[in-house]
Amino acid sequence: MTGAAQGKMSGLHKMQVSERRALVAAELGIEAAELDRALEAGGLEVQTADKQIENVIGTYALPLSVAVHLVINGEPRIAPMVVEEPSVVAAASAACKLVAKGGGFQAETDEPVMISQVQLYDVPDTAAAKKAIEAQREDILRQADAAMPTLLPFGGGARGLEVRELGGAMMVVHLLIDCRDAMGANIVNTVAEKVGPRISSIAGGKLGLRILSNLADHRRVRVRCRVPVEALTTRERDGAEVAELVEQASRFAEADPYRAATHNKGIMNGIDPVVIATGNDWRAVEAGAHAWAARRGRYEPIAIWRRSGDQHEAALLGSIELPMALGIVGGTLGNHRGARMALRIARIRSSMDLAMVAASVGLASNLAALKALATEGIQRGHMSLHARSVAMSVGAMGDEVERVAAEIGRTGAVNPEAASEVLRRLRGEP
Ligand code: MEV
């Protein structure tokens, strides 16, 4: 995206839906009609939905929105977000704008390696079984590769094997499978089911579950950002003070699991909407994020903030790390035009690329929440969005929305009666 296009994106919130669509389509270089078609019926016809899951009686709509000002590894991106909560998209975009002032997000990922678990129980000697399984590592991995012939041409396949003794007579074998651009659940479950009997016969125990692990900690994404303190200055506070307040908010989450849960919820406010928009399994991402947060035996924040020690270039530094099992092929994407379009909107090139976009929006959402909470509180921002939706509910259009919202926000009478009154006055009606 060009700098000029980024500039136009600043005015997105003041546009009509059709104008936004036209701008996004122009930016992507596609026909506006194509974007319209992709989003018709929410991107999913009921007849298709009926083939996707059981007992369908309809489809269920949520807003599809775009977060802007996102820059990742030097490249401007637009993030599609499906979410019902007001403020989330505006807050993420505003935080992305602050981060862009420090050069944007720096992101990297592991290779897309999933864990396939094979449980063994009633193993007479788990230490001996571990040795025996490890001795046959290459054969087991070859058998695993043979179970996923369609993945091999894309560069995926079995990458490793780990054996863990779980106490008593129970153990688990992890098959590490590179799933490339697939989320990989079906692939790794198939592999575990195919290879499981061989592993249990080597171990001499009984074969238990064969299923992926959602703690996909071989498939992590890491994002960092650096916000110059001047960019954090608000009407009431200078940037250095805001940076300190955000650091203290981060330290609070690091010290207290009760706060860490809410801190991480604010991060998932950014991640889940991207995951949902792109047709991915958000329960899997949530499970992975929270299991990662608790990996040291205590629930912790998955993103933290510190002031940089550099006196000359004072900045607030943020970082996030979490497992991110996402796909850009297979699954829902085959059925859902809207999800396929969401991938195009963000110009996603690979599952790893999508993970970087989702985690960057998560870090942005966290920054927005901490900055608001540590300074003015979040209710002020919520109220101004609420005022806009009240203004629209009484028929305000175009510019009127902002003007009515500003007036009812100023007087504190954020209700339809007051909004109608202001709108009538604005229009010079009796
Ligand atoms: C609300 O959806 C999310 C927040 O509670 C996150 C946080 O407290 O950091 C504002």
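Every chain is numbered on its own, with residues counted from 1 as its sequence reads. Only residues with pLDDT of at least 70 are given local features in this predicted model, and only at 80 or more are side-chain atom pairs given and counted; all residues enter the totals for whole chains, interfaces and linings. Note that water and hydrogens are dropped before the side-chain values are worked out from all heavy atoms of the structure.

**Quick word on the nonpolar core**
To be explicit about the condition: Put simply, buried Ala, Val, Leu, Ile, Met, Phe, Trp, Tyr and Cys residues joined by side-chain atoms within 4.5 Å make one nonpolar core. Using a 1.4 Å probe on the protein chains alone, a residue whose accessible area is under 20% of its type maximum counts as buried, one over 50% counts as exposed, and one in between counts as partly exposed. Each helix is a run of H or I in the DSSP string that is no shorter than four residues. Each strand is a run of E no shorter than two, and both are numbered from the N terminus. The contact criterion used is simple: two residues touch if any of their non-hydrogen atoms lie within 4.5 Å.
Phe-105, Ile-271, Ile-320, Leu-322 and Met-324 are the most contacted members of the largest nonpolar core, which totals 64 residues. Counting residues per element, this core draws most heavily on helix α13 (residues 351–374), which supplies 12 residues. If sequence neighbours within four positions are ignored, Ile-271 has contacts with Val-285, Ile-320, Leu-322, Met-324, Ala-358, Ala-359 and Gly-362. By size, the runner-up hydrophobic cluster in this structure holds 32 residues, among which are Val-118, Val-173, Cys-179 and Met-183.

**Observations concerning the site of the ligand**
Stated formally: Nearness is defined per residue: one heavy atom within 4 Å of the molecule or strand is enough. Think of a polar contact as two N or O atoms within 3.5 Å of one another; within protein, one of them needs to be a possible hydrogen donor and the other a possible acceptor, and neighboring residues in sequence only count if both atoms come from side chains. Shrake-Rupley sampling with a 1.4 Å probe provides the accessible areas, and residues are treated as covered by the protein chains on show and by no other component. Residue type decides the class: Asp, Glu, Lys and Arg count as charged, Ala, Val, Leu, Ile, Met, Phe, Trp, Tyr, Cys and Pro as nonpolar, and the leftover types, Gly among them, as polar.
The full set of residues close to the ligand is Glu-85, Arg-259, Thr-262, His-263, Lys-265, Gly-266, Asn-269, Ala-369, Leu-373 and Ile-378. Within the side chain of Arg-259, a nitrogen or oxygen atom sits 2.7 Å from an oxygen atom of the ligand. Within the side chain of Asn-269, an N or O atom sits 2.9 Å from an oxygen atom of the ligand. Compared with its free state, where it exposes 300 Å², the ligand has 85% of that area covered by protein. Of all the elements in the fold, those that place two or more residues in the shell around the ligand are α10 (257–277) and α13. The biggest single contributor to the shell around the ligand is α10, with six residues. Class assignment for the residues of the shell around the ligand results in three nonpolar, four polar and three charged.

**So, the pairing of strand β4 (residues 113–121)**
On any regular strand, side chains alternate: one points to one face of the sheet, the next to the other face. Rules: We treat two strands as partners when DSSP finds at least two bridges between them.
Along β4, seven of the nine residues are buried, which leaves the element largely enclosed by surrounding structure. Bridge count for β4 against strand β6 (residues 170–178) is eight bridges, and the pairing is antiparallel. When the bridges of β6 are listed, Gln-119 appears paired with Val-172. Where β4 lies against strand β7 (residues 206–212), five bridges are found, and the strand directions are antiparallel. Bridging from a neighbouring strand, Leu-120 pairs with Leu-207 of β7.

**What to know about the pattern of salt bridges**
Side-chain pairs of opposite charge can arise where the charged atoms are in close proximity. Selection criterion: Between Lys or Arg on one side and Asp or Glu on the other, a salt bridge is scored when a side-chain nitrogen of the former is within 4 Å of a carboxyl oxygen of the latter.
Taken as a whole, this structure holds 33 salt bridges when the rule is applied. Between Arg-77 and Glu-75 there is a salt bridge, with the nearest N and O atoms lying 3.5 Å from each other. Here Arg-77 falls in the buried class, since its relative accessible area comes to 2%. With a shortest N-O distance of 3.6 Å, Arg-198 and Asp-139 are connected by a salt bridge.

**Some thoughts on a nonpolar patch on the surface**
The criterion, for reference: Within this analysis, patches are made of residues with over 30% relative accessible area and no salt bridge. Like charges are joined at 9 Å or less; nonpolar side chains (Val, Leu, Ile, Met, Phe, Trp, Tyr) at 5 Å or less.
Residues Tyr-121, Leu-166 and Met-170 make up a contiguous nonpolar surface patch of roughly 240 Å² in combined accessible area. Inspection of the secondary structure assignment puts Tyr-121 in strand β4. Given the relative accessible area of 32%, Tyr-121 is considered partly exposed.

**Some points on the sheet that holds strand β10 (residues 315–323)**
The strands making up a sheet associate through backbone hydrogen bonding, with each pair oriented either parallel or antiparallel. As a reminder of what qualifies: Axes here refer to lines fitted to C-alpha atoms; in helices the fit is confined to the stretch in contact. Angles between the N-to-C directions go from 0 to 180 degrees.
Pairing within the open sheet is antiparallel, and its four strands lie in the order β3-β8-β10-β9. Two strands lie at the open edges of the sheet, namely β3 (106–109) and β9 (303–307), each paired on one side alone. Adjacent strand axes in the sheet meet at a mean angle of 10 degrees when their direction is disregarded. Sheet analysis places β3 next to strand β8 (residues 220–228), joined by four bridges and oriented antiparallel. If you follow Ala-107 over to β8, its bridge partner there is Val-223. Most of the contacts of helix α9 (residues 239–255) go to β9, to which it runs at about 140 degrees, and overall it touches β9 and β10.

**Things to note about the sheet that holds strand β5 (residues 157–167)**
Taking strand neighbours across the sheet as the criterion, the four strands line up as β5-β6-β4-β7 in an open arrangement whose pairing is antiparallel. Only two strands of the sheet have a single partner each, and these edge strands are β5 and β7. Adjacent strand axes in the sheet meet at a mean angle of 20 degrees, parallel and antiparallel pairs treated alike. In the packing of helix α7 (residues 137–146) onto the sheet, the strands contacted are β5 and β6, and the crossing angle to β5 comes to about 120 degrees. Each of β4, β6 and β7 touches helix α8 (residues 185–203); the most contacted strand, β7, lies at about 160 degrees to it.

**Describing the packing of aromatic side chains**
The line we're drawing: Under the pairing criterion, centres of Phe, Tyr and Trp rings, with the six-membered ring standing for Trp, must be within 6.5 Å; the plane angle then separates stacked pairs below 30 degrees from edge-to-face pairs above 60, leaving the rest tilted. Placement of a charge over a ring requires the Lys NZ or Arg CZ to be within 6 Å of the ring centre, with the centre-to-atom vector within 35 degrees of the ring normal.
All chains considered together, the criterion is met by zero aromatic pairs. Between the NZ or CZ atom of Arg-283 and the centre of the ring of Trp-282, over which it lies, the distance is 4.4 Å.

**Structural notes on unusual backbone geometry**
Of note in this structure, Asn-73 is not a glycine but carries a positive phi near 50 degrees. Mapping Asn-73 onto the fold places it in the loop between β1 (64–72) and β2 (75–82). Of note, the phi angle at Asp-122 is positive, near 55 degrees, even though the residue is not glycine. Within the secondary structure layout, Asp-122 lies in the loop between β4 and α6 (126–135).

**Side note on the domain arrangement of the protein chain**
Let me state the cut-off plainly: Domain limits in this description derive from either an automatic procedure or a database domain assignment. Summed over both partners, the accessible area (1.4 Å probe) lost when two parts come together is defined as the buried area.
Here the protein chain is partitioned into domain 1 (3–109 + 225–376), domain 2 (113–212) and domain 3 (381–427). On the side of domain 3, six residues touch domain 1, which itself brings five residues to the contact. Of the roughly 450 Å² buried where domain 1 meets domain 3, counting both sides, 47% is carbon and sulfur surface. For the pair domain 1 and domain 3, the interface holds zero salt bridges. There are one residue pair in polar contact (both at pLDDT 80 or more) connecting domain 1 and domain 3. Its residues assigned to classes, the side of domain 1 that touches domain 3 comprises one nonpolar, three polar and one charged.

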